[in-house]
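Coordinates in review
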Amino acid sequence: MSEESDSLRTSPSVASLSENELPPPPEPPGYVCSLTEELVTKAREELQEKPEWRLRDVQALRDMVRKEYPNLSTSLDDAFLLRFLRARKFDYDRALQLLINYHSCRRSWPEVFNNLKPSALKDVLASGFLTVLPHTDPRGCHVVCIRPDRWIPSNYPITENIRAIYLTLEKLIQSEETQVNGIVILADYKGVSLSKASHFGPFIAKKVIGILQDGFPIRIKAVHVVNEPRIFKGIFAIIKPFLKEKIANRFFLHGSDLNSLHANLPRSILPKEYGGTAGELDTATWNAVLLASEDDFVKEFCQPVPACDSILGQMLLPEGLASDAQCDDSLRAAKSQLYSCY
């Protein structure tokens, strides 16, 4: 019997309902793939995603969540779970761990994740601290441009910058294209001083890198650093102990050599500030995209946290991260490196 026949057979007819009884609301539409044929092929080759098994794989992950974490407050929609499967190449166990880490990170750092919405970050967005370039790179990766020199520490704490980065990643990962292609980060450290660098200590580094590596379903394909001063050696000394080898190998330091940058990111997609031909660096357009998504972020990040999820945040932190005691030791060592590099 066809699915249509089953639906007609099992659904009550309008005639069988009493005058005061309304039919149940229709279920939301199921997943519809938005990938091009080229990206379907890429996902198959790089992520082991088989279109004919896709929904079976999603259901398997959904069943694992319901069985092992029945009280976890999380979306179980097809599209949402697919983010985690793609980020872990359809390895069910690793995708489940990533999902748990995703929620654990959110519960364990309330300064960043509570009340996370674009309207709460207007000062950061207005500063030009970060934006997303309008054009993707040749691999289809969106380029997230971060400019720490635009941040004035006396205006707001560094956690506000982290909130803005996370907000941007959440918006980008909604796109299936980004889930498959990943992103590239372009960080401009021009003018970053010792006093500003000191705000990014091992505790913050551990948290941020823990999220990016083990707590968020996104593929970071490269990090390009330009205009880094001598002090960046100290900053990288703070970061490197928390980086996995694969990610550490994707850091490229270009200094003021824009030709080196252009060998990785073509001039056609870069603003003229970085020797490109794509016009002035535009921050307003991406800010508008985020602000237009206010309702979505309010729904996702501005609701009360269930008690069981509060416990989750304390119990299930991503593996492989340094303890607070280790961070204290690292901080003392890093401070000496910062001063020696300055």
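Since the model is a prediction, treat every value here as computed from it, not as a measurement.

**Considering the overall build of the chain**
The number of helices and strands found in the chain is 18 helices and 5 strands. The buried share among the 342 residues of the chain stands at 49%. If you take every contact in the chain between residues at least 6 apart in sequence, the share linking residues at least 24 apart comes to 78%. Surface accessibility of the chain: about 17,800 Å² in total, with carbon and sulfur atoms responsible for 52%.

**What about the side chain of Arg54?**
By secondary structure assignment, the location of Arg54 is in helix H3 (residues 54-68). With sequence-adjacent residues up to four places away left out, Arg54 is seen in contact with Tyr31, Cys33, Glu49, Leu82 and Arg86.

**Some details on the packing of H3 against helix H5 (residues 92-108)**
The contact between H3 and H5 brings their axes to 10 Å, and the two run at 55°. As far as their axial angle goes, H5 and H3 are oblique. The two elements H3 and H5 meet at a crossing, and its hand is right-handed. Of H5, the residues touching H3 (which contributes Arg56, Asp57, Ala60, Leu61, Met64, Val65 and Glu68) are Tyr92, Asp93, Ala95, Leu96 and Leu99. Residues that form the contact of H3 with H5 fall into these classes: 8 nonpolar, no polar and 4 charged.

**Concerning the environment of Ala222**
With respect to the helices, strands and loops of the structure, Ala222 is situated in strand E4 (residues 220-226). Between the alpha carbons of Ala222 and Arg250 there is a distance of 4.8 Å; along the sequence they are 28 residues apart. Setting aside residues up to four positions removed in sequence, Ala222 forms contacts with Arg139, Ile183, Val184, Ile185, Arg250 and Phe252.

**Re helix H4 (residues 78-87)**
Taking burial as the measure, the 10 residues of H4 include 8 buried ones, the bulk of the element. Those residues of H4 lying buried are Phe80, Leu81, Leu82, Arg83, Phe84, Leu85, Arg86 and Ala87. Here the buried face of H4 lies against helix H2 (37-47), H3, H5, helix H8 (158-172) and helix H9 (176-181). With its phi angle positive at about 50°, Lys89 sits one or two positions after the end of H4.

**Thoughts on the environment of Ile204**
Relative to the helices and strands, Ile204 resides in helix H11 (residues 202-214). C-alpha separation for the pair Ile204 and Ile162, spaced 42 residues apart in sequence, amounts to 9.4 Å. Beyond its immediate chain neighbours, meaning those up to four positions away, Ile204 contacts Trp109, Ile158, Ile162 and His199.

**Some words on the packing of aromatic side chains**
The relation between two aromatic rings is expressed through the spacing of the ring centres and the mutual angle of the planes. Counted according to the given criterion, the structure contains 11 aromatic pairs. Judged by centre distance (4.5 Å) and plane angle (85°), the ring pair of Phe113 and Tyr166 falls under edge-to-face. With Phe113 in helix H6 (residues 110-113) and Tyr166 in helix H8, this residue pair connects regions lying 53 residues apart in the sequence. With a relative accessible area of 4%, Tyr166 lands in the buried category. Each residue in the set Phe80, Phe84, Tyr102, Phe113, Tyr166, Phe216, Phe297 and Phe301 is aromatic and connected to the rest through ring pairs, giving one cluster.

**Regarding the environment of Gly234**
With respect to the helices and strands, Gly234 occurs in helix H12 (residues 232-239). Of the residues examined, Gly234 reaches a relative accessible area of 0% and is grouped as buried. Residues Gly234 and Leu194, 40 residues apart in the sequence, show an inter-C-alpha distance of 9.3 Å.

**Observations regarding the sheet that holds strand E5 (residues 251-255)**
Pairing between the strands of a sheet comes from backbone hydrogen bonds, and it takes one of two forms, parallel or antiparallel. Ordered in space as E1-E2-E3-E4-E5, the 5 strands form an open sheet in which the pairing is mixed. Either end of the sheet is taken by a strand with one partner, and the two such strands are strand E1 (130-132) and E5. Pairs of neighbouring strands in the sheet enclose a mean axial angle of 20°, with direction left out of account. Taken together, the 3 bridges between E1 and strand E2 (residues 142-146) define a ladder with antiparallel strand orientation. Considered in E2, the bridge of Thr131 is made with Cys145. Where H8 meets the sheet, it contacts E1, E2 and strand E3 (183-188), and its direction lies at approximately 10° from that of E1.

**Some words on unusual backbone geometry**
Backbone geometry places Asn115, a non-glycine residue, at a positive phi of 55°. Mapped onto the fold, Asn115 is located in the loop between H6 and helix H7 (122-127). A positive phi angle is found at Asn227, which is not glycine, with a value near 55°.

**A word on H5**
A rise of 1.5 Å per residue sets the reference length of H5, with its 17 residues, at 24 Å; its end C-alpha atoms lie 24 Å apart and thus fit the reference within 8%. When you tally the buried positions in H5, you get 13 out of 17 residues, the bulk of the element. Put simply, Asp91 is the residue that caps the front of H5, since its side-chain oxygen is 3.1 Å from the backbone nitrogen of Asp93.

**Here's the deal with the confidence of the model for the chain**
Model confidence for the chain is summarised by a mean pLDDT of 85, while 80% of its residues fall at 70 or above. pLDDT under 50 marks residues 1-21. Its contacts with residues more than four places away, or in other chains, come to 5 contacts. Throughout residues 24-28 the model reports pLDDT below 50, and contacts reaching past four residues in sequence, or to other chains, amount to 0 contacts.

About the cut-offs
Residues numbered from 1 in each chain as written. Predicted model: local features only at pLDDT ≥ 70, side-chain atom pairs only at ≥ 80, totals over all residues. Heavy atoms only, no water. Helix = DSSP H or I, 4+ residues; strand = E, 2+ residues; numbered from the N terminus. Buried < 20%, exposed > 50% of the residue type's maximum accessible area, 1.4 Å probe, protein only. Contact = heavy atoms within 4.5 Å. Areas by Shrake-Rupley, 256 points an atom, 1.4 Å probe, with all protein chains shown as cover. Axes fitted to C-alpha atoms, helices over the stretch in contact; angles between N-to-C directions. Parallel < 35°, antiparallel > 145°, perpendicular 65-115°, else oblique. Left-handed = near helix turned anticlockwise from the far one by under 90°. Nonpolar A, V, L, I, M, F, W, Y, C, P; charged D, E, K, R; others polar. Phe/Tyr/Trp six-rings, centres within 6.5 Å; stacked < 30°, edge-to-face > 60°. Pairing = 2+ DSSP bridges. Expected span 1.5 Å × (residues − 1). Polar contact = N/O pair within 3.5 Å; in protein donor to acceptor, adjacent residues only side chain to side chain. pLDDT = per-residue confidence, 0-100.

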